[in-house]
Amino acid sequence: MLIILSPAKIQNFKPQHITGNYTIPAFIDEAHTLINELRSYPSEALTDLLETNPQITANAFYHYQNWTDKHTPDNAKQAMFTYNGEVYRGLDVASFSAGDIEYAQKHLRMISGLYGVLRPLDLIEPYRLEMKTRLDNPEGKDLYAFWKQKITANIKQAIANSGKPSVLLNLASHEYFNVIGKKELNLPVIHFDFLENKYGVYKNITIYTKKARGLMARYIIQHRIERLEDLREFAAEDYWCNEELSSDNKLVFCRG
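Caption draft 1: Broad picture of the overall build of the protein chain. A tally of helices and strands in the protein chain yields 10 helices and 10 strands. Relative to its length of 256 residues, the protein chain is compact, with a C-alpha radius of gyration of 18 Å against a globular reference of 18 Å. The dimensions of the protein chain, computed from C-alpha atoms along their principal axes, are 50 × 40 × 35 Å. Taking all 256 residues of the protein chain together, the buried fraction comes to 48%. Of the contacts made within the protein chain by residues no fewer than 6 positions apart, 69% connect residues no fewer than 24 positions apart. About 12,400 Å² of surface is accessible on the protein chain, with carbon and sulfur atoms providing 48% of the total. Both charge centroids of the protein chain, one from 30 positive and one from 31 negative side chains, sit 1 Å from each other.

Caption draft 2: View of the packing of helix α1 (residues 28–39) against helix α7 (residues 143–161). Between α1 and α7, whose axes approach to 12 Å, the crossing angle comes to 175°. In this view, α1 runs roughly antiparallel relative to α7, as classed from their interaxial angle. Between α1, through Glu30, Thr33 and Leu34, and α7, the contact on the second element is made entirely by Leu143, Phe146, Trp147 and Lys150. When the residues that make up the contact of α1 with α7 are grouped by side-chain class, the tally is 4 nonpolar, 1 polar and 2 charged.

Caption draft 3: Fine view of the packing of aromatic side chains. Taken as a whole and assessed by the stated rule, the structure comprises 13 aromatic pairs. An angle of 75° between the planes, with centres 5.7 Å apart, marks the rings of Phe194 and Tyr239 as edge-to-face. In this pair, Phe194 sits in strand β7 (residues 189–198) while Tyr239 sits in the loop between α10 (206–223) and β9 (240–241), placing the two residues 45 residues apart along the sequence. Three or more aromatic residues joined by ring pairs form one cluster here, namely Phe192, Phe194, Tyr219, Phe234, Tyr239 and Phe253.

Caption draft 4: Highlighting the nonpolar core. Ranked by internal contacts, the top residues of the largest apolar core, which has 78 residues, are Leu91, Ile155, Leu168, Phe192 and Met216. Other than its neighbours up to four places away in sequence, Phe192 contacts Leu169, Asn170, Leu171, Met216, Leu231, Leu251 and Phe253.

Caption draft 5: Highlighting the environment of Leu118. Take Leu118: it is sitting in strand β4 (residues 116–118). A relative accessible area of 0% places Leu118 in the buried class. In sequence terms Leu118 and Ile4 are 114 residues apart; their C-alpha atoms lie 9.7 Å from each other.

Caption draft 6: Layout of the pattern of salt bridges. Within the structure shown, the criterion is met by 14 salt bridges. The closest approach of N and O atoms between Glu86 and Arg89, which form a salt bridge, is 2.9 Å. Highlighted residues: Glu86 and Arg89, both in helix α5 (residues 86–91), separated by 3 residues, approximately one helical turn. For Glu86, a relative accessible area of 24% translates into the label partly exposed. Residues Asp230 and Arg227 are paired through a salt bridge, measuring 2.9 Å at the closest nitrogen-oxygen approach. What makes Arg227 partly exposed here is its relative accessible area of 47%.

Caption draft 7: Spotlight on the side chain of Glu196. Within the secondary structure, Glu196 sits in strand β7. For Glu196, a relative accessible area of 7% corresponds to the buried category. Those residues in contact with Glu196 that sit more than four places away from it in its chain are Val201, Tyr202, Lys203, Ile205, Tyr208, Tyr239 and Arg255.

Caption draft 8: Up close: the environment of Leu38. On the secondary structure map, Leu38 appears in helix α1. By relative accessible area, Leu38 is classed as buried at 1%. C-alpha of Leu38 to C-alpha of Leu231: the two residues are 193 residues apart in sequence and 41 Å apart in space. When sequence neighbours within four positions are dropped, the list of residues in contact with Leu38 reads Leu46, Leu49, Tyr64, Leu129 and Leu135.

Caption draft 9: The arrangement of unusual backbone geometry in detail. Backbone torsion omega between Lys164 and Pro165 reads -5°, so that peptide bond is classified as cis. Along the polypeptide, Pro165 turns up in the loop between α7 and β6 (168–171). The residue Glu51 is not glycine, and still its phi comes out positive at about 55°. Mapped onto the secondary structure, Glu51 falls in the loop between α2 (43–50) and α3 (54–66). Backbone geometry at Asp92 places phi at a positive 50°, although glycine is not the residue there. For Asp92, the location among the structural elements is in the loop between α5 and α6 (98–107).

Cut-offs applied
- Residues numbered from 1 in each chain as written.
- Predicted model: local features only at pLDDT ≥ 70, side-chain atom pairs only at ≥ 80, totals over all residues.
- Heavy atoms only, no water.
- Helix = DSSP H or I, 4+ residues; strand = E, 2+ residues; numbered from the N terminus.
- Rg over C-alpha atoms; globule rule 2.2 N^0.38 Å.
- Buried < 20%, exposed > 50% of the residue type's maximum accessible area, 1.4 Å probe, protein only.
- Contact = heavy atoms within 4.5 Å.
- Areas by Shrake-Rupley, 256 points an atom, 1.4 Å probe, with all protein chains shown as cover.
- Lys, Arg positive; Asp, Glu negative; His and termini not counted.
- Charge placed at Lys NZ, Arg CZ, Asp CG, Glu CD.
- Axes fitted to C-alpha atoms, helices over the stretch in contact; angles between N-to-C directions.
- Parallel < 35°, antiparallel > 145°, perpendicular 65-115°, else oblique.
- Nonpolar A, V, L, I, M, F, W, Y, C, P; charged D, E, K, R; others polar.
- Phe/Tyr/Trp six-rings, centres within 6.5 Å; stacked < 30°, edge-to-face > 60°.
- Core = buried A, V, L, I, M, F, W, Y, C linked by side-chain atoms within 4.5 Å.
- Salt bridge = Lys/Arg side-chain N within 4 Å of Asp/Glu carboxyl O.

What follows is the structure, encoded as structure tokens:
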């Protein structure tokens, strides 16, 4: 089985001392193509394209101009250790053993607007590019057109290489999951919801959902989950599987 996660806007490029192993992204040439498109935008136009404030736009502009396709440990860092949003706080890679990292490299993928698909140890340079960005490119008017076939084929092969059962565990947001062609994938997909009890009503609260996605990914990796029924045993931070709200292709976890 294969886990997919969204990336994070927050990135931490401080050195990490957990592993020196690294790999190079599969779609580094495609990323270079997108960087060249982004470099053609003046700083003012980038603000509208990225929907960011002037300071974030200025940082993005700087990174585009300095990005190189020659990724090395001197100018880049492994993706799993770089992303630093709520999902990755839940994932907590600092707690991973060498075996956990090896397992994650085979069973975890991160979808990226710039890099397409990333393995945990793939090196990335600083960037900002969300999948929803309507960037004109050689394949169409947005990043979904650019990435759909490439990402779908890559994910399908990664699932085949990850062992049985051949299933995709979707812990990504809609923005990133929607780049995958479901008909072309032609494999089972398990979705997840994480709900909070607020005054007797179960609700999706984004910040908690994001962290819970990371917690679930960590649970799968550290417990080497191979049976779908074992996913129901997830109980980190007081979550429990709500069988009434769950279905064959969606597991719903609640707390409170």
